[in-house]
Amino acid sequence: MRMRFLTALSRAAPFVALGVFTIAVLVLRREMAQHHYAEIIGHLHSLSRGALLRALGFTALAYAVLTRYDALAMRYVDQRVSRFQVAVASFIAYSLSQTLGFAVFTGGAVRYRFWSAWGLSAPEIARAVGFAGVTLWLGVVTLTGGVLLVEPSLVAGITGSHPVLFVVAGTAFLLAALSYLLLSLFHRRPLEVFGLSFTVPHPALAVEQLVVSCLDWSLAAAVLFSLLPPIPGLGFAGFLGLFVVAQVAGLASHVPGGLGVFDTLIVLGLGQAAGSGAVLGALVAYRAVYYLVPFALGMVLLIATEAVRQRAHLDGATRWAARWLPGVTPYALSILILGAGVLLLVSGVTPEVPSRMHWLGELLPLPVIELSHFIGSVAGMGLVILAWGLSRRLDIAYYSAMVLLTVGAVTSLFKGADYEEAIFLAGSAALLFPSRRRFFRRTRLMAEPWSTEWIVTVLLVLVAVVALGEFRYRHVVYADELWWQFALHADASRFLRATVGAFAVAAGFGVVRLLGPARAAPVLPEPAELDRALAAVLEGNSALANVALTGDKTLLWSESGKSLLAYAVSGRSWVAMGDPIGRSEEFSELAWAFRALAHQHGGWTVFYEVRKEHLPLYIDLGLTLTRIGEAARVSLSGYSLDGSHRRNLRRDFRRLEREGATFEIVPPEGVEAILSELAVVSADWLDAKRTREKGFSLGGFDPAYLRRFRHAIVRHQGRIVAFANLWETKSREELSMDLMRYTRDAPAGVMDFLFVHTFLWGAAEQYRWFNLGMAPLSGFEHRTLAPFRHRVGALLFEHGERFYNFRGLRRFKDKFDPLWEARYLASPGGLALPRILAGIASLISNGWKGVLGK
């Protein structure tokens, strides 16, 4: 119940942000009722060069201090990383998250990319991110407490509440900050907060947290203060109080950059003394200086660091130039295209430069100008929508964006000679063009699930654009004739038509999605579907693919019907068993389709027991890779029992032959005749082991399943005493066994006899490898510098015999001289990982009863 509540709360948060933003816009509109658009632009142009230079200087200092957050976090997790590396990664992360919001997907993604490359494990990254968040809020709490205690009337005047309430709140905030410092002085044991363990930093580090955070907020306030006109009676200390309160409200709203919420509170607090128009002009300059300039620099740095990453793999300047642009992540390119769309929409609701319109009117017919203006806004809305498709790596989004960027650049010239806008759009197309190979998914745009955050982003853009246009043309008296007024300087009419075009595109897209087919819930396959799956399984090179035929997993098919992916659901975990199956060229699209399906149902995308050759695919999906063990593969080329190292196997093999044991391969059509005997062997084995049938990664004794395979059987005195069904591939690349069972009275060493005979048969049939399956937790390093989960895995492998025969299983397989290959789990990391592992255990054990018992 608690998890459902938290999930619902997290999904509702973006819509709450949209509501808060809309209210803020309405309040701001009321405050600006007596001011005109031209007045704000005039105040913006009147800013002195000295004020802008001071603002840029304070911005540089503010971002320099911001990088200390991550430097302190590295010290907290005891990681020695160069200051330059930390500063670069931190600046890129903050320049993106401060401007775009959604810190987990922007700054968080950047940090994970850099920090994991520096050797930090997932738990260490989670601790470092948490520490940086505590640092941020420590300054917020301290400064807010000081403001509410010293200037309670300032906040009371904005909210209309009694000052005493804010004095009490301020005292509580300061006590909270003081408690943190005292805790660092006296409490050395880890704290448990909401089930998470948090180690209190030592006093010196805690004090540095407080100083850095307070300095950060003070410098950010200094940027805006330097851009404001002189206000009698207002010093920096008083302004800092208003700034912090407004920023806290912006943070609480979850609106990117506090847009609208922060601005409204600043205008409410200073508008009467300095004039709302002047304050809003300063706010526009502040957002350009403090947000957009660092964002642009951050994007350049991100591109440069990606280029450096690729440079080591290239051997010439030409190849380097061809590769560095694709190195930019699709998410970053999607943000660029989103910005291009917003630029076209804003341009569509603001007036063109009169002098340019005058000579443009002499060159072009009026219908061309009007049509270009309308098409430009439609293209802008299209780019805003396509940006999501680019973040999902869709090829249709790539081609459509290239077309719309070209259209937008041309219409920018034809509607108002906006050559600056055309250059930006053409530059965006130039950045996108060489990255074609990064957008490889051939899926319909309508088939992709949209995240709540992105839906709200589109709505925020629409609300902001309409609010800007309404403010600009508020002095124009509305009349029906405006819709049909076509003239060179009829900007208000063009605004109305462009807004309708943008809304029509957004509404049309939404309606088509709503009327589209709903995602089906997982359904187990029918026999006919399993027959189709068998053909795809046999075409591959992995014997493990046969696990798709057990019938307990849902099958997700490629569009061609030649490839598939087998998965099951446990709680929020949508777990695919192994890699995709079938044609390798379709694996990527299948994996992305599975990710979209899990996302549609609010689930976690998980791939269990995947091979190393496909790891880049799962990294592209944004998943964390966790080593879960090693698979043993025996080379069958020229396999024999000769040699001293196989002396014991040879001795036991010949002993069973002397005792009358015989080996036989039964084809699928012959299985029906021996099913009753196999059932007796299976029941005896289950009873002897005091266990029950497993599932998901293993097959069970199901006649319909067993009839699909050849069986290796061992007879003793004419009676079947051991059997195994064989997993095969047409390519003869790999052979394996699934259900391996024997009776209690079978001769000692019967399974070795079964394996060796199967190896010899496989070698005669020209199979290259025999897959003995995975040894869980095998191959983990128990070293001081190894990741924490590896050290835990090594300890379990060495001392966990009470729970599972980890070492015994490894020893049994080692006797066959196999080659060991790592196997991985691809899944979300962090705090979700334990629940995901528990869900997989439940699937394999056929429920929690099997996990807790046998």
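Located above this text is the structure these notes cover.
Chemist: It is not clear to me how the overall build of the protein should be interpreted in this structure. Could you clarify?
Modeler: Within the protein, the regular secondary structure consists of 31 helices and 13 strands. Taking as baseline every contact in the protein between residues at least 6 positions apart, the subset at least 24 positions apart corresponds to 73%.

Chemist: Just to check I follow, could you spell out the environment of L555 for this structure?
Modeler: Relative to the elements of secondary structure, L555 occurs in strand β3 (residues 554-557). Taking relative accessible area as the criterion, L555 reaches 8% and is therefore assigned buried. Note: C-alpha distance between L555 and L530 (25 residues apart in sequence) is 8.8 Å.

Chemist: Just checking my understanding: could you explain unusual backbone geometry for this structure?
Modeler: Most peptide bonds take the trans configuration, and most residues that are not glycine carry a negative phi. Of note in the backbone geometry, R690 takes a positive phi value of approximately 50 degrees without being a glycine. Turning to its location among the elements, R690 is positioned in the loop between α25 (671-689) and α26 (703-706). Using a relative accessible area of 72% as the deciding quantity, one classes R690 as exposed.

Chemist: Before we go on, may I ask you to explain helix α18 (residues 419-432) in this structure?
Modeler: The α-helix advances 3.6 residues per turn, and as a result positions three or four apart in sequence lie on the same side. Look at α18: 20 Å from first C-alpha to last across 14 residues, which is about the 20 Å you get at 1.5 Å a residue. Looking only at α18, the buried set comprises E421, A422, L425, S428, A429 and L432. Seen end-on, α18 carries its buried residues on one side only, within an arc spanning 125 degrees. For α18, the elements touching its buried residues are α14 (330-349), α16 (366-391) and α17 (395-416).

Chemist: I would appreciate a short explanation of the sheet that holds strand β6 (residues 604-610) in the present structure.
Modeler: Strands in a sheet are paired, the pairing made by backbone hydrogen bonds, and the direction either parallel or antiparallel. With mixed pairing, the eleven strands of this open sheet are ordered in space as β3-β4-β5-β6-β13-β7-β12-β11-β10-β9-β8. Lying at the two open borders of the sheet, with one neighbouring strand each, are β3 and β8 (661-666). Put simply, the sheet's adjacent strands are angled 30 degrees from each other on average, direction ignored. Note: strand β5 (residues 573-577) against β6, five bridges, orientation parallel. Following the sheet pairing, M577 is matched in β6 by Y608.

Chemist: Looking at this model, I keep getting lost on the pairing of β3. Mind explaining?
Modeler: The side chains of a regular strand alternate, residue by residue, between the two faces of the sheet. Judged by which residues are buried, β3 turns out to be covered on both faces: T554 and L556 on one side and L555 and W557 on the other are all buried. The sheet contact formed by β3 and strand β4 (residues 564-570) spans four bridges and is antiparallel. From the neighbouring strand, L555 faces β4, where its bridge partner is A566. Hairpin remark: β3 followed by β4, antiparallel, with six residues in the connecting loop; positive phi at G561, about 75 degrees.

Chemist: What should I look at first to understand the side chain of S334 in this one?
Modeler: Position of S334 relative to the elements: it lies in helix α14. Here S334 falls in the buried class, since its relative accessible area comes to 0%. The contact partners of S334, leaving out residues within four places of it in the chain, are A387, L390, S391 and W454.

Chemist: Just to check I follow, could you spell out the packing of aromatic side chains for this structure?
Modeler: What the rule picks out here adds up to 21 aromatic pairs. Judged by centre distance (5.4 Å) and plane angle (5 degrees), the rings of Y286 and Y290 are stacked. Of the two residues, Y286 and Y290 both sit in helix α12 (residues 276-311), four residues apart, roughly one turn of that helix. Classification of Y286 as buried rests on a relative accessible area of 0%. Taking relative accessible area as the criterion, Y290 reaches 3% and is therefore assigned buried. Between F755 and F816, the aromatic rings sit 5.4 Å apart at their centres with planes inclined by 45 degrees, giving tilted as the arrangement. One end of the pair, F755, is in helix α27 (residues 750-764); the other, F816, is in the loop between α29 (806-814) and β13 (819-827), with 61 residues separating them in the sequence. Accessibility expressed as a relative area gives 5% for F755, which makes it buried.

Chemist: Help me out: how do you make sense of the pairing of strand β7 (residues 624-635) in this one?
Modeler: Along β7, nine of the twelve residues are buried, which leaves the element largely enclosed by surrounding structure. In this sheet, β13 lies alongside β7 in antiparallel orientation, the contact comprising nine bridges. Bridge pairing in β13 places R633 opposite L819. Bridge count for β7 against strand β12 (residues 769-776) is seven bridges, and the pairing is antiparallel. Opposite A631, over in β12, you have M774 as the bridge partner.

Chemist: Help me out: how do you make sense of the environment of R127 in this one?
Modeler: Structurally, R127 can be placed in helix α6 (residues 122-150). Given the relative accessible area of 35%, R127 is considered partly exposed. In this structure, the C-alpha to C-alpha distance between R127 and Y76, residues 51 residues apart in sequence, is 8.4 Å. When residues no more than four places from it in sequence are discounted, the contact partners of R127 are Y76 and V77.

Chemist: Whenever I open this one, a nonpolar patch on the surface confuses me. Can you help?
Modeler: Together, V368, V410, L413, F414, Y419 and I423 make up a nonpolar patch on the protein surface, roughly 510 Å² of accessible area in all. Only α17 and α18 provide two or more residues apiece to the nonpolar patch. For the nonpolar patch, the leading source of residues is α17, giving three residues. Along the chain, L413 falls in helix α17.

Chemist: When you look at the packing of helix α15 (residues 354-363) against α17 in this model, what are you seeing that I'm missing?
Modeler: Helix-helix packing is characterised by the crossing angle of the two axes and by the distance between the axes. Across the interface, α15 lies against α17 with an axial gap of 7 Å and an inter-helix angle of 90 degrees. The pairing of α15 with α17 is recorded here as roughly perpendicular in orientation. Here R356, M357 and L360 of α15 come into contact with α17, specifically with L413, F414, K415 and G416. In terms of residue class, the contact of α15 with α17 is made up of four nonpolar, one polar and two charged.

Chemist: Just to check I follow, could you spell out the pattern of salt bridges for this structure?
Modeler: Pairing of side chains with opposite charge becomes possible as their charged atoms draw close. Enumeration according to the criterion identifies 30 salt bridges in this entry. Linking E734 and R633 is a salt bridge whose minimum nitrogen-to-oxygen distance equals 2.9 Å. With E734 in strand β11 (residues 734-742) and R633 in strand β7, the pair connects residues that are 101 residues apart, well separated along the chain. For the pair shown, E734 and R633 are each scored as buried. Linked by salt bridges that have partners in common, R611, E613, R633, E733, E734, R768, E821 and R823 make up one network.

Procedures and definitions
- Residues numbered from 1 in each chain as written.
- Predicted model: local features only at pLDDT ≥ 70, side-chain atom pairs only at ≥ 80, totals over all residues.
- Heavy atoms only, no water.
- Helix = DSSP H or I, 4+ residues; strand = E, 2+ residues; numbered from the N terminus.
- Contact = heavy atoms within 4.5 Å.
- Buried < 20%, exposed > 50% of the residue type's maximum accessible area, 1.4 Å probe, protein only.
- Expected span 1.5 Å × (residues − 1).
- Arc of directions from axis to C-beta.
- Pairing = 2+ DSSP bridges.
- Axes fitted to C-alpha atoms, helices over the stretch in contact; angles between N-to-C directions.
- Phe/Tyr/Trp six-rings, centres within 6.5 Å; stacked < 30°, edge-to-face > 60°.
- Patch = residues over 30% accessible without salt bridge, like charges linked within 9 Å, V, L, I, M, F, W, Y side chains within 5 Å.
- Areas by Shrake-Rupley, 256 points an atom, 1.4 Å probe, with all protein chains shown as cover.
- Salt bridge = Lys/Arg side-chain N within 4 Å of Asp/Glu carboxyl O.
- Parallel < 35°, antiparallel > 145°, perpendicular 65-115°, else oblique.
- Nonpolar A, V, L, I, M, F, W, Y, C, P; charged D, E, K, R; others polar.

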